[in-house]
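Structural overview
One-letter residues, chain by chain:
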Amino acid sequence: MGIVTYLTRISGYILFRKFKSQYLKNIFEIVPGCVMISLITPYFVTGKIADLIALGFTILAAIRFSFLITLIIAIGSAGLLRYLLG
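Residues numbered from 1 in each chain as written. Predicted model: local features only at pLDDT ≥ 70, side-chain atom pairs only at ≥ 80, totals over all residues. Heavy atoms only, no water.

Examining a nonpolar patch on the surface
Together, I49, I53, F57, I59, L60, I63, L80, Y83, L84 and L85 line one region of the surface with nonpolar side chains, adding up to about 1100 Å² of accessible area. Within the residue set of the nonpolar patch, elements represented by two or more residues are α3 (49-64) and α4 (67-85). In terms of residue count, the dominant contributor to the nonpolar patch is α3 (six residues). Inspection of the secondary structure assignment puts I59 in helix α3. Of the residues examined, I59 reaches a relative accessible area of 46% and is grouped as partly exposed. (Patch = residues over 30% accessible without salt bridge, like charges linked within 9 Å, V, L, I, M, F, W, Y side chains within 5 Å. Areas by Shrake-Rupley, 256 points an atom, 1.4 Å probe, with all protein chains shown as cover. Salt bridge = Lys/Arg side-chain N within 4 Å of Asp/Glu carboxyl O. Helix = DSSP H or I, 4+ residues; strand = E, 2+ residues; numbered from the N terminus. Buried < 20%, exposed > 50% of the residue type's maximum accessible area, 1.4 Å probe, protein only.)

Laid out in structure tokens, this is it:
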């Protein structure tokens, strides 16, 4: 997921590098977060306790850390909690 998110971010810059619009730059800053949300949202509506706890860890990490560290914490906590809580 991290690689896909990173490729999503740089692909826009590569494709539109000749354009100097601030509007396009703002859109490209938002896209990786949208991709992450679209990948993880289905797990939050399942009602599984492991996924909901991992969501809490992810929100706390997003408040405190950068995107990459938040992504690592999100994936790691979800995997570990699913393993421990079944």
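Overview of α3
Here α3 spans 23 Å end to end across 16 residues, near enough to the 22 Å set by a 1.5 Å rise per residue. Within α3, burial applies to A50, D51, A54, T58 and A61. For α3, the angular spread of the buried residues around the axis is 85 degrees, confining them to a single face. With respect to the buried face of α3, the exposed residues turned more than 90 degrees away are I49, L60, I63 and R64. (Expected span 1.5 Å × (residues − 1). Arc of directions from axis to C-beta.)

A word on the side chain of T70
In this structure, T70 sits in helix α4. One polar contact links the side chain of T70 to the main-chain carbonyl oxygen of A61, over a distance of 3.3 Å. (Polar contact = N/O pair within 3.5 Å; in protein donor to acceptor, adjacent residues only side chain to side chain.)

A closer look at the pattern of salt bridges
Within the structure shown, the criterion is met by one salt bridge. A salt bridge links R82 to D51; the shortest N-O distance between them is 2.9 Å. One end of the pair, R82, is in helix α4; the other, D51, is in helix α3, with 31 residues separating them in the sequence.

Focus: α4
Helix length check: α4, at 19 residues, gives a terminal C-alpha distance of 26 Å against a target of 27 Å (1.5 Å per residue), a fit within 8%. Among the residues trailing α4, G86 stands out with phi positive, at a value near 75 degrees.

Structural notes on the confidence of the model for the chain
With 88% of its residues at a pLDDT of 70 or more, the chain shows a mean pLDDT of 81. By mean pLDDT, the top-scoring element of the chain is α4 (91), and the lowest-scoring one is helix α2 (residues 22-44) (72). (pLDDT = per-residue confidence, 0-100.)

Quick notes on the packing of α3 against α4
Where α3 meets α4, the closest approach of the two axes is 8 Å, and the angle between their N-to-C directions is 160 degrees. One finds that α3 runs roughly antiparallel with respect to α4. In this structure, α3 meets α4 at a crossing whose hand is right-handed. Counted together, I49, A50, D51, I53, A54, F57, T58, A61 and A62 of α3 and T70, I73, A74, S77, A78, L81, R82 and L85 of α4 form the full contact between these two elements. The class makeup of the residues in the contact of α3 with α4 is 12 nonpolar, three polar and two charged. (Axes fitted to C-alpha atoms, helices over the stretch in contact; angles between N-to-C directions. Parallel < 35°, antiparallel > 145°, perpendicular 65-115°, else oblique. Left-handed = near helix turned anticlockwise from the far one by under 90°. Contact = heavy atoms within 4.5 Å. Nonpolar A, V, L, I, M, F, W, Y, C, P; charged D, E, K, R; others polar.)

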